[in-house]
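Structure at a glance
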Amino acid sequence: MEITREKSGDSLIIRLAGRLDTSWCDTVEQALTQAVREGEHSIRLDMERVTYVSSAGLRVVLTVYKQLLGIKGSFGIVNPSPMVRSVLFMAGMEALIGNQTDLAGDLEHAAQGRAVSSSRADYELFPLPGKGIRVEAIGSDSLLHGGFNETIGRDAIRFDDETVAVGIGALGASPADCAPRFGEFLAAGGVSVFQPADGSGRPDFVVSEGSLVPEGHLLLGLVGRGDFSMLARFQAKDDARTVGLGEIAATALEIAGAPAAILVAVTETAGLVGATLRRSPASASADNFNFPQIRDWLSFTSERAFRDSTSLVVGVVAHDGSSLQPLLRPLVSGIQGHFHAACFPYRPLQKGRIDLKPTLAALFDGRAAQAVFHLLHDSREFTGAGESEFLRGAVWIAPVLP
């Protein structure tokens with residue numbers, strides 16, 4: 001099997017030559033899905049020189065078609081050989097021939113946002129009607145050194161569509177119920193997910209549906225309520241290949257035009273750098289988070305983890321001197337931040353203007369998060385793991401209101 005690529009306008013043409021059978025279907029599927037990962041959402045499969053197609057080959061074509069359908073992209077088979085055309089008609093897949101599978105997303109993409117650029121990424125900005133988000137700080141870092149009692153975080157928080165949160169928390173009925181499970185927590189757009197620190201392994205989550213709204217307790221962190229004012233779509237420049245969390249956060253802060261901003265991002269991810277709690281801080285003593293005891297309490301990534309995944313990132317970014325600074329950590333020069341990320345198996349993102357709530361709900365549709373991280377900026381020379389890196393994504397931004 002020979003596979004070649006050619007760009008034609010907004011579409012990518014992938015030409016096949018040979019037999020599309022069991023021996024080659026994995027290779028062809030890899031070539032097609034890699035194109036989608038690279039941001040190609042309009043693909044034409046030229047099958048003029050394909051001499052044979054088996055059911056395994058048809059499965060590959062249908063899989064990629066459904067993947068692009070889900071993100072309002074477009075897919076079509078062009079120049080099918082007589083054999084390919086006959087098989088497609090017998091399989092009831094003749095609608096894939098030509099441009100008949102152009103989807104409504106192509107028209108939606110025509111509405112372009114305002115373009116801006118940074119040193120490593122290109123952005124497309126779409127204004128939203130929100131004015132901003134008011135933020136409340138909960139707890140203090142003394143809780144990590146033996147300061148927990150069951151009166152802390154006793155008031156349950158409803159994490160509804162207009163609530164954004166990041167910190168150490170859990171979903172549950174009471175602080176006592178949550179105490180052994182407090183771990184990395186985030187909430188946005190009616191979804192809440194956290195990494196239980198009780199050894200159970202996989203994150204737990206609740207998605208708003210009907211009258212069901214996630215409720216839980218935040219031991220330490222930031223909670224905001226309000227609406228987003230901007231959607232920014234970003235794509236790493238070709239020469240940069242990836243864009244770091246620090247630059248995305250700094251750009252979002254500039255776009256917000258305020259001393260502090262909240263952002264929620266869904267990203268195609270090159271790799272994450274972070275840490276997770278191994279035990280709940282509710283059982284911490286005064287010296288558990290000092291060296292060397294900290295190694296029993298925190299698990300760190302020694303290099304970028306969850307490469308080629310999809311991430312939900314929630315956090316707060318601010319200039320130095322912000323009233324939120326006690327709960328923030330340095331990101332880049334003059335800027336502090338606090339970010340958590342939930343990791344998922346890779347799935348491509350629809351281009352253009354998209355809505356927050358359905359985008360987040362779709363992440364949890366049939367697939368649980370793989371992990372929740374507190375994201376770190378490990379800038380140590382030679383031994384540091386660096387920062388989290390991303391390929392492209394959507395970022396909802398709101399200024400933090402005074």
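Reading the values: rules and limits
- Residues numbered from 1 in each chain as written.
- Predicted model: local features only at pLDDT ≥ 70, side-chain atom pairs only at ≥ 80, totals over all residues.
- Heavy atoms only, no water.
- Salt bridge = Lys/Arg side-chain N within 4 Å of Asp/Glu carboxyl O.
- Helix = DSSP H or I, 4+ residues; strand = E, 2+ residues; numbered from the N terminus.
- Buried < 20%, exposed > 50% of the residue type's maximum accessible area, 1.4 Å probe, protein only.
- Pairing = 2+ DSSP bridges.
- Axes fitted to C-alpha atoms, helices over the stretch in contact; angles between N-to-C directions.
- Contact = heavy atoms within 4.5 Å.
- Polar contact = N/O pair within 3.5 Å; in protein donor to acceptor, adjacent residues only side chain to side chain.
- Right-handed = clockwise from strand over helix to strand, strands pointing away.

Now for the pattern of salt bridges. Scanning all chains against the criterion turns up 12 salt bridges. Salt-bridge contacts for Glu 40 lead to Lys 7; the nearest nitrogen and oxygen are separated by 2.4 Å. Taken together, the positions of Glu 40 in the loop between α1 (22-37) and β3 (42-53) and Lys 7 in strand β1 (residues 2-8) put the pair 33 residues apart, joining distant regions of the chain. The residue Arg 181 makes a salt bridge to Asp 177 at a minimum N-O spacing of 3.2 Å. Using a relative accessible area of 16% as the deciding quantity, one classes Arg 181 as buried.

Okay, the sheet that holds strand β2 (residues 11-20) next. With respect to topology, 4 strands assemble into an open sheet ordered β1-β2-β3-β4, the strand pairing being mixed. Sheet topology places β1 and β4 (74-78) at the edges, where each strand pairs with a single neighbour. Neighbour-to-neighbour, the strand axes of this sheet turn through a mean angle of 20 degrees, independent of strand direction. Here β2 pairs with β3 via 8 bridges, running parallel. Paired with Ile 14 across the two strands is Leu 45, which belongs to β3. Each of β2, β3 and β4 is contacted by helix α2 (residues 55-70), which is oriented at about 145 degrees to β4, the strand it contacts most. With respect to the sheet, helix α3 (residues 82-90) is in contact with β3 and β4, its orientation differing from that of β3 by roughly 105 degrees.

Take the side chain of Ser 309 next. Structurally, Ser 309 is set in strand β19 (residues 309-319). A polar side-chain atom of Ser 309 sits 2.7 Å from the main-chain carbonyl oxygen of Phe 306. Excluding residues within four positions of it along the chain, Ser 309 makes contact with Thr 267, Glu 268, Thr 269, Phe 344 and Tyr 346.

The phi angle of most residues is negative, glycine excepted, and most peptide bonds adopt the trans form. Look at Lys 72: it is not a glycine, yet its phi comes out positive at around 60 degrees. Mapped onto the fold, Lys 72 is located in the loop between α2 and β4. Overall, Lys 72 belongs to the partly exposed group, its relative accessible area being 35%. Not every positive phi belongs to a glycine, and Phe 306 is a case in point at roughly 50 degrees.

What follows concerns the pairing of β2. Within β2, 7 of the 10 residues are buried, which leaves it mostly tucked inside the rest of the structure. Here β1 pairs with β2 via 7 bridges, running antiparallel. Within the sheet, the bridge partner assigned to Arg 5 lies in β2 and is Ile 14. Where β1 hands over to β2, the hairpin turn is made up of 2 residues, of which Gly 9 adopts a positive phi near 65 degrees. As a crossover connection, the stretch from β2 through α1 into β3 is right-handed.

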